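The primary structure of each chain is shown beneath.
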Amino acid sequence: MWEGMVHGMLTGINATLVPINICMVLFGCFSGSLIGMLPGLGPITAVALMIPVTYGFDPTTGMVLLAGVYYGAIFGGSTSSILINAPGEAATVATALDGYPLARQGYPGKALAIAAYASFSGGTIAVVLLMFFAPMLASVATSFQSADYFALMILGLTAVSAFAGRGGVLKALLMVVLGLMLSTVGTDQTSGVQRYTFGSLELLDGIEFLLLAMATFALTEALMIVLKKDASSDSLNPKMIGFKSLKVSAKEFKLITPSILRSSLLGFFVGVLPGAGATLGSFMSYGMERNLAPPEEQARFGKGSLRGLAAPETGNNAASSGSFVPLLTLGIPGSGTTAVMLGALIAYGIDPGPRMFVEQPEVFWGVIMSMYLGNVFLLILNLPLIPYFARLLAIPRNLMVPIILFFSLMGVYLVTFNDFDIMMMVFFCLGAMALRLMNFPMAPLLLGFILGGLMEDNLRRSLMIYDESMSFMWERPITVSINCLTLLVLGMPLFRSVLAKLKSKKNPNALLK
């Protein structure tokens, strides 16, 4: 085993350290970062745009380029989320929860730097795990059935406690239910039945994620700035946004390091599961860190917590690397982006799967080893540009609001080319404004919307296998283990509140401090 892995690594190094492949890694990382920074254009769009470019290359060079574009877009997607609260990709929604408040507090450089360090660490750790455990994890991924995926989605939804302030868990749960309801709009892919379309042809395909994300985050934020007369951007001095603003102290590194390590492991293993992807990895990493944080740090989540920023950014990059496990070893796409890459592999005449180790080792190991180089390139490319990106927040409010509105509206229109979507976007924005004024969190809404379709499909398949019985929730050991973990996560806030009351009874003076 070890001899085969060492031989594979040497094959990958030889395939990667070819001048044209090094250039393709650099070009892929750079172009992916640029596309990922634009609201509305995520990794799927970035990879799809690059596929025609790869037709003239050999398979190794082409796949190295597409892999670089993929994790470059994931890496760069955090920039618009942090600076203007416009998560154009589902995987960066959780990044905006603490990244944007931190940037508005006058630390945009630090927020982007921490995101860059977390992305680099998560990607690098995941590549190491990919190299050592890919064949073994492939067998774990195949052992997951629909019942296990349904239980995993429920576990993901328990992350709502991470988006709720004190006494706000019920509001977060209501927003999850609203998100699940919105995910059912459109045509049922199994039966072909139209659901909640109200006779509108525009709703036959359902509601676009990008439309909902831009309406509830970017558009709403721009209007809230006007409504609250937030002049924080007007007071930000551009001269303060230099390379010194990127400095992260040793104390801050010590604070985020455990979060990065935990989120790298969790994100990678979630990414290994076909269909889970970087989105679930980022949300679960954020939820895990908030639940593990001490009470004083928990209070900072959603208000600019460094751990709240580092965890999802690490998780989504680790999950994006983990999604290559089912793609390369089983021929099963682990995410929407790797599904596009699967099409590119088939176009090259390569059959992804267990035989790929033997028949195309230079492609398999070349992609893996190029990720090491790609992560270094991404850090080198992005860190020097952070002060220039951060200057966006120095733009006065009367200019910043129209810019956010323009990019949000045009980002949606250029994807759908449908003016009905713009009207629906305004409708959702007004609804989100009303909910935000009543202190309802928006992130659980998007989490429910993202996981709604996956939950429905896996629930339907599970019920078909078990003859319409819910016994699938406790018949398989993997399902039972995930359900126990879900109960543990749900019970943790209650356990902490009981523990706090017991401590206050033992030490009544603690309440007066």
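Per an unreviewed UniProt entry, the chain carries the name Putative tricarboxylic transport membrane protein and comes from Desulforhopalus singaporensis.

Here helix H8 (residues 146–157) contains 12 residues, and its C-alpha end-to-end distance of 17 Å stays within 8% of the 16 Å for a straight helix at 1.5 Å per residue. Of all 12 residues making up H8, 11 are buried, and the element is well covered by its neighbours. Of all the residues in H8, the buried ones are Ser146, Ala147, Asp148, Tyr149, Phe150, Ala151, Leu152, Met153, Leu155, Gly156 and Leu157.

With that settled, the discussion passes to the packing of H8 against helix H22 (residues 443–465). H22 packs onto H8 with a crossing angle of 155° between their chain directions and a minimal axis gap of 8 Å. Classified by the interaxial angle, the pair formed by H8 and H22 is roughly antiparallel. Seen along the crossing, H8 lies across H22 with a hand that is left-handed. Residue-level inspection shows Ser146, Ala147, Tyr149, Phe150, Met153, Ile154, Gly156 and Leu157 of H8 in contact with H22, the latter providing Leu447, Gly448, Leu451, Leu454, Met455, Asn458, Leu459, Arg461 and Ser462. Grouping the amino acids of the contact of H8 with H22 by side-chain chemistry returns 11 nonpolar, 5 polar and 1 charged.

A few words on the packing of aromatic side chains. The relation between two aromatic rings is expressed through the spacing of the ring centres and the mutual angle of the planes. For the structure shown, the criterion picks out 4 aromatic pairs. Judged by centre distance (5.5 Å) and plane angle (70°), the ring pair of phenylalanine 268 and phenylalanine 269 falls under edge-to-face. On the basis of relative accessible area, phenylalanine 269 is assigned to the partly exposed category, the value being 39%. Stacked on the ring of phenylalanine 440, the Lys or Arg lysine 171 has its end atom at 5.2 Å from the ring centre.

Now for the environment of asparagine 317. Within the secondary structure, asparagine 317 is located in helix H14 (residues 306–322). For asparagine 317 and tyrosine 71, which are 246 residues apart along the polypeptide, the C-alpha to C-alpha distance reads 7.0 Å. In this structure, asparagine 317 is in contact with Tyr71, Ile74, Phe75, Ser119 and Gly123, ignoring residues within four places of it in sequence. Within the local environment of asparagine 317, its side chain forms a polar contact with the backbone oxygen of glutamate 313, the two atoms lying 2.8 Å apart.

The rules we used
Residues numbered from 1 in each chain as written. Predicted model: local features only at pLDDT ≥ 70, side-chain atom pairs only at ≥ 80, totals over all residues. Heavy atoms only, no water. Helix = DSSP H or I, 4+ residues; strand = E, 2+ residues; numbered from the N terminus. Expected span 1.5 Å × (residues − 1). Buried < 20%, exposed > 50% of the residue type's maximum accessible area, 1.4 Å probe, protein only. Axes fitted to C-alpha atoms, helices over the stretch in contact; angles between N-to-C directions. Parallel < 35°, antiparallel > 145°, perpendicular 65-115°, else oblique. Left-handed = near helix turned anticlockwise from the far one by under 90°. Contact = heavy atoms within 4.5 Å. Nonpolar A, V, L, I, M, F, W, Y, C, P; charged D, E, K, R; others polar. Phe/Tyr/Trp six-rings, centres within 6.5 Å; stacked < 30°, edge-to-face > 60°. Lys NZ or Arg CZ within 6 Å of the ring centre and 35° of its normal. Polar contact = N/O pair within 3.5 Å; in protein donor to acceptor, adjacent residues only side chain to side chain.

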